[in-house]
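Architecture at a glance
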Amino acid sequence: MTTDQILLLDGTHDENSKKTIQKVLRKIGPLSRYSDEEFVPIEALEKMVTVITKKYAIQPQWIACTYDSDISGVYGNYSCGVKTSDTHAWLGTVMTCSIYELMAKLVIFMYAQVKSGNIILRTEIKRKEARKGEDE
Amino acid sequence: MKTSEILNLDCRQQDNCQIIQKVLCRIKPLSSSENEDVPLNKIEKLVTLLSKKYDMSIKDFVPDVRSNSSGTIWRATIMNDTDFKTLQAVHGLSLYEVFAKTAIYMYSMREKVRERR
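This text gives an overview of the structure that appears in the document. These figures come from a predicted structure and were not determined experimentally. (Residues numbered from 1 in each chain as written. Chains lettered and ligands numbered in written order. Predicted model: local features only at pLDDT ≥ 70, side-chain atom pairs only at ≥ 80, totals over all residues.)

1. Comments concerning the interface of chain B and chain A
Of the residues lining the interface, 22 residues belong to chain B; the matching set on chain A comes to 20 residues. Those elements that provide at least two residues to the side of chain B that touches chain A are α3 (40-53), β1 (56-64) and α4 (95-108) of chain B. In terms of residue class, the side of chain B that touches chain A is built from 9 nonpolar, 7 polar and 6 charged. Note that strand β1 (residues 58-66) of chain A and β1(B) share 2 bridges and pair antiparallel. Its bridge partner being in β1(B), A64(A) is matched across the sheet by D60(B). (Contact = placed C-beta atoms within 7 Å. Helix = DSSP H or I, 4+ residues; strand = E, 2+ residues; numbered from the N terminus. Nonpolar A, V, L, I, M, F, W, Y, C, P; charged D, E, K, R; others polar. Pairing = 2+ DSSP bridges.)

2. Considering the nonpolar core
If you look at the biggest cluster of nonpolar residues, it comprises 58 residues, and the most contacted ones within it are M103(A), L106(A), V107(A), F99(B) and A103(B). No other element matches helix α4 (residues 99-115) of chain A, which puts 11 residues into this core. Every residue in contact with F99(B), bar those within four places of it in the chain, is listed here: I99(A), L40(B), I43(B), E44(B) and V47(B). (Core = buried A, V, L, I, M, F, W, Y, C linked by C-beta atoms within 7 Å. Buried ≥ 20, exposed ≤ 12 C-beta atoms within 10 Å, placed from the backbone.)

3. A few points about the sheet that holds strand β3 (residues 86-92) of chain B
Read from one edge to the other, the open sheet built from 6 strands follows the order β3(A)-β2(A)-β1(A)-β1(B)-β2(B)-β3(B), with strand pairing classed as antiparallel. Because the sheet does not close on itself, it has two edges, and the strands there are β3 (90-96) of chain A together with β3 of chain B. When strand polarity is set aside, the average angle formed by the axes of neighbouring strands in this sheet is 15°. Where β1(A) and strand β2 (residues 77-84) of chain A come together, 7 bridges link them in antiparallel fashion. Looking across to β2(A), one finds that A64(A) is bridged to S79(A). Each of β1, β2 and β3 of chain A is contacted by α4(A), which is oriented at about 155° to β3(A), the strand it contacts most. (Axes fitted to C-alpha atoms, helices over the stretch in contact; angles between N-to-C directions.)

Right, here's the structure in full:
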C-alpha cells in the first residue's frame, strides 16, 4: 500500500481503515512499542510530529476546520498542509474527518517524506547558510 | 471560576487538568464520562454540534513547534460567523487541551451567539 493510498483511507467511519492506519503507525520506529491491542495515543502522535519538525526541515502548517459538511455527520472536516522549512515547497495536504486521524496521517505522511531522502536535516540548513555567508 | 480563568489554566500541572475534567463533566453531553477523562472524540463531537447549531466555529489550529522546548503550543481561533469577529483565541500544549478549552468556551457562549438558520 502506498502512502497516498493510506492517506485516502477513511479512518473515522470505516473500522478496517482504522486498523490499517494503526498497523502502519506501529511500523514507525518510536511508535512500534504500542501493542496490537491498543491504539497509539494522540499524545504520542503529537510528540512524533514535534520530533520530526525539530529534526528535519519539514513542518505542518495550520489545521483548517470546517463543520458544515453533511457527509462527515457528527464530525468536522480537518485539513493540514505540509511544507519544507528551507525552500518552503508545498509537499502535500492531509484531509480527514477527525483530529486523531489527522495527526495519525500527518505522522505517516511526514515520516514517509523524511524516509524518501528529500528532506534535509535542520542542522544542514544552518551549515548551508554559514557556507553562503562565507562565500559572500 | 470564570471561563476566562479556565482558559488560562496551565495543564502541565495535574491539578489544573483535573479542574478542566471537572468542568467538562458539568457540560451535559459529556457528563457520562464522570469517572474517567472525557475522550477526545466526544469533545470533538460537542464542538461540531455547537458549530452546526450556533453562528460560531473554530477557524484553525496553529501549531508553534519551535518556540517552546517542552512541546508544541497549539492555538485555536474561534470566530463569530455572523460578524466575522474573533471571539477568542485558545492556547494549549496539546490538541486535547485546546479542544477541551474550546468546548468549554463555546458551550459558555451558546446563549450569547445567534443560532444558525
